[in-house]
Amino acid sequence: MSEVIVVTSGKGGVGKTTTTANVGTGLAKLGKKVVMIDTDTGLRNLDVVLGLENRIVYNLVDVAEGTVPVRKAMISDKRCPNLYLLPTAQTRDKDAVTPEQMIKVLDEIKSDPENFDYIILDCPAGIEQGFKNAIAGADRALVVTTPELSAIRDADRIVGLLDSNGLRGKEDLIVNRIRVDMVKNGDMMSIDDVNDILHLNLIGAVPDDENIVVATNKGQPLVGDDSLSGQAYFNICKRILGDSVPFLDLSSKNGFFKKLVSAFKK
Amino acid sequence: MSLLDLFKKKGSSEVAKDRLQFLLVSDRTNCSPETMEKIKNEIIEVISKYMDIDTDGLDIQITSTPLEGDAGNVPTLFANIPIKDMRGGSRE
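1. Description of the pattern of salt bridges
Residue and element names in this part refer to chain A. In the structure shown here, the tally under the stated rule is 14 salt bridges over all chains. Its salt-bridge partner being Glu3, residue Arg140 comes within 3.5 Å of it at the nearest N-O pair. Placement of Arg140 in strand S6 (residues 140–145) and of Glu3 in strand S1 (residues 3–8) is noted, with a sequence separation of 137 residues between them. Residue Arg140 is classed as buried on the basis of its relative accessible area, which comes to 13%.

The following block contains the structure:
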């Protein structure tokens, strides 16, 4: 049975799509069969981050409307076996899909003989139709935030909505774009500061890393490589699988001392 | 910058955290500053019937109180109302 994970944040630009791409790719690298679904109809980007934008023929809306079977719209990532993308339409809007249709699409994937382990949904920003579609069939949520007022405020709102939609206690927190130098100077909230406010299970802490920009430029998720963020994303994947992985020391330089400390652990 | 300034200076992350905590209380309780003002005025009105209170020193706000065992916070109405005279008030 596939587990459905929605990656959400409320605020835009905090790293939902990057997180989806890296978590999906990472889980596939760990031997799981993964389908990623872009639910950001009209503003799709997961295809670009994954470098699969030239291979799209059919999309989520076609599947939701019953025009094509889901397998026909899924793009397999040739660089990574067991990894698939179901893109969405770029020229339609969020209303083109309903929560009921979304659940039907998920059921179609779940009943596929391929036996997918994970379905990762890239949720659009906001709390409107697109968000409602994305959370409709989710079993758990990864809430992405950055250590900024606006992102944390929106994450708090999102958690409230997830709570009231049957996902209470199923939310894990990813704090993205941490700048250790600024945290040390007292000019950026620390992971603990963020979670003092949100009170969620911390599943990942990702540093602000220029390698992410390079990876997006190339269309190749960096999960699992020796960059600090690549390691951080890979650890998130292992934690999703239930492994207890110590949190990285984000102040260490890329690739050099990969000393693991439990400083961020409760 | 003198050494003293170093100690005096509060990091902007502290400021952010404080602001956020206040902000989220009103977000979570869906209670606007206008509603708070109304609640405050009505509380003053009621208490003033029975005693003379110091309206300038009055402090009414919604804060969050931690639940037992790290189970998160609950919003709490906090009211600090200094009494000037127990027998005062507009009742008599």
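2. Some details on helix H6 (residues 129–136) of chain A
What H6 of chain A keeps buried is the set Gly130, Phe131, Asn133, Ala134 and Ile135 of chain A. The elements touched by buried residues of H6 of chain A are S1, helix H5 (99–110), strand S5 (118–122) and helix H7 (149–167) of chain A.

3. Observations regarding the pairing of strand S7 (residues 171–178) of chain A
Residues and elements named next belong to chain A. Taken across its eight residues, S7 has seven buried, putting it largely inside the fold. Examined bridge by bridge, S6 and S7 share five bridges and lie parallel to one another. Bridging from a neighbouring strand, Ala141 pairs with Glu171 of S7. Following the backbone out of S6, through H7 and into the adjacent parallel S7, one traces a crossover that is right-handed. As paired elements, S7 and strand S8 (residues 201–207) share five bridges and run parallel to each other. Within the sheet, the bridge partner assigned to Leu173 lies in S8 and is Leu202.

4. With respect to the confidence of the model for chain B
Residues and elements named next belong to chain B. The predicted model of chain B averages 77 in pLDDT, with 75% of residues at 70 or higher. Of all helices and strands in chain B, the one with the weakest mean pLDDT is helix H1 (residues 3–8) (56), whereas strand S1 (residues 52–53) scores best (90). If you check the scores for this complex, the pTM reads 0.81 and the ipTM reads 0.79.

5. What to know about the interface of chain B and chain A
At the interface, 15 residues of chain B touch 12 residues of chain A. Roughly 1400 Å² of surface becomes buried between chain B and chain A when both sides are summed, with 55% attributable to carbon and sulfur atoms. When the area that chain B buries against chain A is broken down by residue, the three leading residues are Ser13, Lys17 and Leu20 of chain B, summing to 37%. Viewed at the interface, chain A and chain B are joined by three salt bridges. Here Lys17 of chain B and Asp193 of chain A are joined by a salt bridge, their closest N and O atoms 3.2 Å apart. On inspection of chain B and its partner chain A, the count reaches six residue pairs in polar contact (both at pLDDT 80 or more). When residues of the side of chain B that touches chain A are assigned to their parent elements, the largest contribution, 11 residues, is made by helix H2 (residues 12–29) of chain B.

Calculation notes
Residues numbered from 1 in each chain as written. Chains lettered and ligands numbered in written order. Predicted model: local features only at pLDDT ≥ 70, side-chain atom pairs only at ≥ 80, totals over all residues. Heavy atoms only, no water. Salt bridge = Lys/Arg side-chain N within 4 Å of Asp/Glu carboxyl O. Helix = DSSP H or I, 4+ residues; strand = E, 2+ residues; numbered from the N terminus. Buried < 20%, exposed > 50% of the residue type's maximum accessible area, 1.4 Å probe, protein only. Contact = heavy atoms within 4.5 Å. Pairing = 2+ DSSP bridges. Right-handed = clockwise from strand over helix to strand, strands pointing away. pLDDT = per-residue confidence, 0-100. Buried area = accessible area lost by both parts, 1.4 Å probe. Polar contact = N/O pair within 3.5 Å; in protein donor to acceptor, adjacent residues only side chain to side chain.

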